[in-house]
Amino acid sequence: MSIQTSSPHFEHLVEEGRVHRTLYTDSSIFDLEMSRVFGGTWTFLAHASELPKPNDFVRKRLGKRPIIVTRDRNGNFHGLLNRCTHRGATICRHDEGSARRFTCPYHNWSFTNTGELAAVPIEEGYGPSFDKAQLGLGKLRVESYRGFIFGTFNTELPDLKTHLGPAAELLDEWLDRWPGAELQLRRGQTKFSCAGNWKLIYDNAADGYHPGYSHASLLRMRKDRYGGGVDMQWALGNVDEGLQTVADCGNGGTFIDQRAEIKRYWDQSAPMPGESTYERVIKEKMGDKADAALDVVMGSGMNLNIFPNLLIIGNQIQVLEPQSVNKTHINWYATALVADDLPDEVNSLRMRLQEDFPSFGEPDDLANFEECQVGLEIEEVEWVQTGRHLDTGKEYIGAKGMLSGPVSDELPLRVFWKEWLKRIAQDNKGGAK
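Residues numbered from 1 in each chain as written. Predicted model: local features only at pLDDT ≥ 70, side-chain atom pairs only at ≥ 80, totals over all residues. Heavy atoms only, no water.

This part covers the layout of surface pockets. Of the voids in this model, the second largest pocket is the one considered here, and its volume is about 660 Å³. The wall of the second largest pocket is formed by 26 residues, among which E50, K60, D95, E96 and Q189 lie closest to the centre. Taken together, the elements giving at least two residues each to the lining of the second largest pocket come down to β4 (56-62), β7 (96-98), β13 (182-185) and β20 (327-333). The element that contributes the greatest number of residues to the lining of the second largest pocket is β4, accounting for six residues. Residues belonging to the lining of the second largest pocket are distributed by class as follows: seven nonpolar, eight polar and eleven charged. Looking at the lining of the second largest pocket, you find at least three residues from each of domain 1 (43-151) and domain 2 (160-424). (1 Å grid on protein atoms, 1.4 Å probe; cavity = no way out; pocket = protein on both sides within 12 Å on 5 of 7 lines; lining within 4 Å. Points joined across faces, edges and corners; volume = space filled by probe spheres on them. Helix = DSSP H or I, 4+ residues; strand = E, 2+ residues; numbered from the N terminus. Nonpolar A, V, L, I, M, F, W, Y, C, P; charged D, E, K, R; others polar. Domains from an automatic or database assignment.)

Okay, the domain arrangement of the chain next. Partitioning the chain into domains gives domain 1 (43-151) and domain 2 (160-424). In this structure, domain 1 and domain 2 have C-alpha centres spaced 33 Å apart. With 15 residues of domain 1 at the contact, the number on the domain 2 side is 24 residues. Overall, the association of domain 1 and domain 2 removes approximately 1700 Å² of surface from exposure, summing both partners, and the carbon and sulfur fraction of that is 61%. (Contact = heavy atoms within 4.5 Å. Buried area = accessible area lost by both parts, 1.4 Å probe.)

The strand order across the open sheet formed by nine strands is β14-β20-β19-β18-β17-β16-β15-β24-β23, and the pairing between neighbours is antiparallel. Each end of this open sheet is capped by a strand with a single partner; those strands are β14 (190-194) and β23 (396-397). Taken together, the four bridges between strand β18 (residues 310-313) and strand β19 (residues 316-324) define a ladder with antiparallel strand orientation. Looking at the pairing, L310 lines up with V319 of β19. In the packing of helix α5 (residues 198-205) onto the sheet, the strands contacted are β14, β16 (253-257), β17 (302-306), β18, β19 and β20, and the crossing angle to β19 comes to about 155°. Strands β15 (245-250), β16 and β24 (403-406) of the sheet are contacted by helix α13 (residues 411-424), whose axis makes an angle of about 15° with β15. (Pairing = 2+ DSSP bridges. Axes fitted to C-alpha atoms, helices over the stretch in contact; angles between N-to-C directions.)

With an omega of 5°, the peptide bond between F307 and P308 qualifies as cis. Positive phi, normally seen in glycine, also occurs at N55, with a value near 75°. Positive phi, close to 65°, is recorded for H389, a residue that is not glycine. Along the chain, H389 falls in the loop between β22 (383-385) and β23. Looking at H389, the relative accessible area reads 9%, which means it is buried. (Buried < 20%, exposed > 50% of the residue type's maximum accessible area, 1.4 Å probe, protein only.)

Given below as structure tokens:
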């Protein structure tokens, strides 16, 4: 059977319990995703800690669009298309910095950091009909929730917090592990380039079925070296007999909850180089509060995935940057908790986590993503299975009213494709202003 992918309607490619392989391999579908999915819903752009001062900026991407996220002199955030309205050159060519204006190197058209066209050399050459007010930079609709900055072209979406739904409450729980602390992204990222479609990474983000197999060598090494009960040992064996769950957060968002498996975060962590010295100093400085501080060093037991590109994993943030139908950049950010009652040693240990799973677990995943991409090019085997636990009767309405299931449930894949269909079927509302 041959499936046609040229139609603008994609319901024939997404069925109950399976999706067609061309959704991962067809470049025309990818291009439509970059237009309608990235920019058609609230999409993560940056974190406030990346541009902490007035007039700071960072250069990012929204799908295939180069953008600039700015903080103006009043502290408000803006999302600007990085394209001069004169001849199309990018106006910002630095990853980060501070600027009240951006000046195009080509003809020196100058724009404010809120997007207005401020100055044009030899302006009289355009005559009396020239109107700078009509030639500002393209702008996104931008909102932030607790430091997470999102943007969209869709003027019909509800406000960001309403859109996030239960994911906002889960994000609160993740952020408030140490009451009063401010989350900051540390400078620099652990960067990976994957020869695979971006959706393969998102598929995996709430997949509780694979860790005991894909990461078996890492988990067995930890168990052999450090004994039972060490981080992620709950991934071995029949995971559906354990206490982990997956859930639908709404609007394509998904959640893995491992917290019920964790009795004491610090005690169940895999040892890190130098940890005994840090632990001693933290206990000396904090006394009775030391145990709680050591617990927030470790992963949160939460994987919160916000459609289409933000993955919150343990204590880290992973951001997907699609490059082409078979190439994706993956950026891992370490996070710090900044509070007057948390010593620097806590965040020194949190930074060491950046040496853990991204270095020893992510390569397993990348190998699988890339081999999936190779296998999906086979035309004669057309379908990808998404039906695990679809008809076992084990799904239920859980916390916060979320549809939930056993951790190996492929509910998250079905949730993703439902939202994907919704976004791919409609043009963005409003466009670039």
